[in-house]
Amino acid sequence: MTMIKYTLATSWENELIDGIRQLNQNSQKSKIVEIYGSFKISPVGCGRAAFRLPNVSFRQAKRHIKYAHKNGLSFNYTLNAPDFKNKEKNRQWVKKVEEFLTKLEKMEVDTLTIAHPFLIKLVKNKFPNFKINLSLITGINSIGEAKKYEKMGVSLIFLDPFSINRDIKKIKKIAKSIKCEVGLYTNFPCLFNCPNRNARYKFFGYASQEDEEISKITHDPFPIGCSLFYLEHLIEFLKSPFIRPEDVAAYARAGVNKFKLADRSESTASLLNTAEAYMKQQYSGDLFDLIFRKGSKFKAAIKISQPHMAKMKIPISIDNRRLTQLNFLNKIKKLSDKKLNDFYEKATKTAVKFKNQKKIDELKHLFRRAKNRYLIKTSAT
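None of these values were measured; they are calculated from a predicted model.

Parameters at a glance
- Residues numbered from 1 in each chain as written.
- Predicted model: local features only at pLDDT ≥ 70, side-chain atom pairs only at ≥ 80, totals over all residues.
- Heavy atoms only, no water.
- Helix = DSSP H or I, 4+ residues; strand = E, 2+ residues; numbered from the N terminus.
- Expected span 1.5 Å × (residues − 1).
- Contact = heavy atoms within 4.5 Å.
- Core = buried A, V, L, I, M, F, W, Y, C linked by side-chain atoms within 4.5 Å.
- Buried < 20%, exposed > 50% of the residue type's maximum accessible area, 1.4 Å probe, protein only.
- 1 Å grid on protein atoms, 1.4 Å probe; cavity = no way out; pocket = protein on both sides within 12 Å on 5 of 7 lines; lining within 4 Å.
- Points joined across faces, edges and corners; volume = space filled by probe spheres on them.
- Nonpolar A, V, L, I, M, F, W, Y, C, P; charged D, E, K, R; others polar.
- Pairing = 2+ DSSP bridges.
- Axes fitted to C-alpha atoms, helices over the stretch in contact; angles between N-to-C directions.
- Salt bridge = Lys/Arg side-chain N within 4 Å of Asp/Glu carboxyl O.

**Considerations on helix H17 (residues 337-351)**
- Across its 15 residues, H17 extends 21 Å between first and last C-alpha, which sits within 8% of the 21 Å expected from 1.5 Å per residue.
- Taken together, the buried residues of H17 touch helix H10 (236-239), strand S9 (316-318), helix H15 (320-325), helix H16 (328-334) and strand S10 (352-354).

Following this line, the structure appears as structure tokens:
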């Protein structure tokens, strides 16, 4: 039996590590082997905007990492901003980055998740003790791209969830073609092949870099467009390339070595609930709560124009048991083009529900107004 390994976002609370220890003790077929996180800001930035991340000091982080090591977990620091606005050509900036990497060494960080080739080369040349994971932000979905980064010396490549999570044949081919490990993002709540993918990750990177005007960045406008698109096209909830807990083993058999569980902005309780579902490889609850995190993206979009509504309950449900009855993953593996779309339509009618149409219509109205204000485009436009 293949042991399934997970890397879980950290809330920077030691209670999370205590919960992980208990989950690991109770599981024979799955283990959380690593936690990951970052400071709100750094010279490099990361794949989340500063305003979405917990505030943690160097001293707190070092203690948390020490506690993780004590409990058999490694620590992965995310330095995965995809763009530096050509600052990599500035010697003063490079020196600041090297000083920051030295700081991470003193914190006893084990692994760095990186998206930018310049930073990979810098770490390999000057900080060889770090393992390097290639971030999913890089967008790897082919053998040629994977081999290119393998030659740079990365230890693990997280493939692009937007385009490859539902293509197990391609995942298997990539995994067989390279020597380094392969990883996938599981509870992924985004549109399939989202056209705003790269723009949003650049936005996140800039919004967590210390020399940008991040104090002026207080919200993420991108969820406005995708939230409206979901509500207007119910089928997109199931086309979204998440991996259900029940289907993780199939991906492991295809050669996936590690599965990422998010999100870094979630609470300790939420992170542990997510981890428990994936470790058990079974979830009988509402898949909307697990994958779409009870509508956190929708709430973030509402918050921009209607702050008083940010805590409202999003009236959507996805019946995971119905998806299991429909043999969800096996159908997706076998079908393509129109037949696959027909299956998604059937599964949507069976498993995805609006529980309160009046509230959904109200949300659509709010998102349309906000979308016009921020001019955020989606594949629908």
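**With respect to the nonpolar core**
- Leu104, Leu112 and Ile157 are the most contacted members of the largest nonpolar core, which has 128 residues in total.
- Take this core: its biggest share by element is 7 residues, from helix H9 (residues 222-232).
- For Leu112, the residues in contact, after removing those within four places along its chain, are Asn76, Tyr77, Leu79, Leu101, Leu104, Val123, Phe130, Lys131, Ile132 and Asn133.

**A few points about the layout of surface pockets**
- What the largest pocket holds in volume is close to 1100 Å³.
- Along the wall of the largest pocket there are 46 residues; nearest its centre are Arg52, Glu266, Arg293, Ser296 and Lys297.
- Mapped onto the lining of the largest pocket, the elements with two or more residues apiece are helix H8 (197-206), H9, helix H12 (268-280), helix H13 (287-291) and helix H14 (296-305).
- Split into classes, the residues belonging to the lining of the largest pocket amount to 20 nonpolar, 10 polar and 16 charged.
- A volume near 380 Å³ is recorded for the second largest pocket.
- Forming the walls of the second largest pocket are 16 residues, and the residues nearest its centre are Arg166, Ile332, Leu335, Ser336 and Leu340.
- In terms of residues, the lining of the second largest pocket owes the most to one element, H17, which gives 4 residues.

**Concerning unusual backbone geometry**
- A positive phi angle, close to 65°, is found at Asn86, a residue other than glycine.
- Within the secondary structure, Asn86 is located in the loop between strand S3 (74-79) and helix H3 (91-106).
- You will see that Asn193, though not glycine, has its phi angle at about 50°, which is positive.
- Along the polypeptide, Asn193 turns up in the loop between strand S7 (181-185) and H8.
- Here Asn193 falls in the partly exposed class, since its relative accessible area comes to 44%.

**Quick look at the sheet that holds strand S8 (residues 258-261)**
- Pairing is parallel around the closed barrel formed by 8 strands, whose spatial order is S1-S2-S3-S4-S5-S6-S7-S8. The average angle at which neighbouring strand axes cross in this sheet is 30°, direction not considered.
- Bridge count for strand S5 (residues 131-134) against strand S6 (residues 156-158) is 2 bridges, and the pairing is parallel. Bridge pairing links Asn133 to Leu156 in S6.

**Some remarks on empty space enclosed by the protein**
- In the structure shown here, the tally under the stated rule is 1 cavity of 30 Å³ or more.
- Looking at the largest cavity, it is lined by 19 residues, and the ones nearest its centre are Tyr36, Thr78, Asn80, Leu136 and Lys260.
- Among the secondary structure elements, those contributing two or more residues to the lining of the largest cavity are strand S2 (30-37) and S3.
- Its residues assigned to classes, the lining of the largest cavity shows 7 nonpolar, 7 polar and 5 charged.

**Topic: the pattern of salt bridges**
- Applying the stated criterion to the full structure yields 16 salt bridges.
- A salt bridge links Arg200 to Asp220, with the nearest nitrogen and oxygen atoms 2.4 Å apart. With Arg200 in helix H8 and Asp220 in the loop between H8 and H9, this residue pair connects regions lying 20 residues apart in the sequence. With respect to burial, Arg200 and Asp220 carry one shared label: buried.
- A salt bridge links Glu276 to Lys280, with the nearest nitrogen and oxygen atoms 3.2 Å apart. Pair noted here: Glu276 and Lys280 are both in helix H12, with a separation of 4 residues, about one helical turn.

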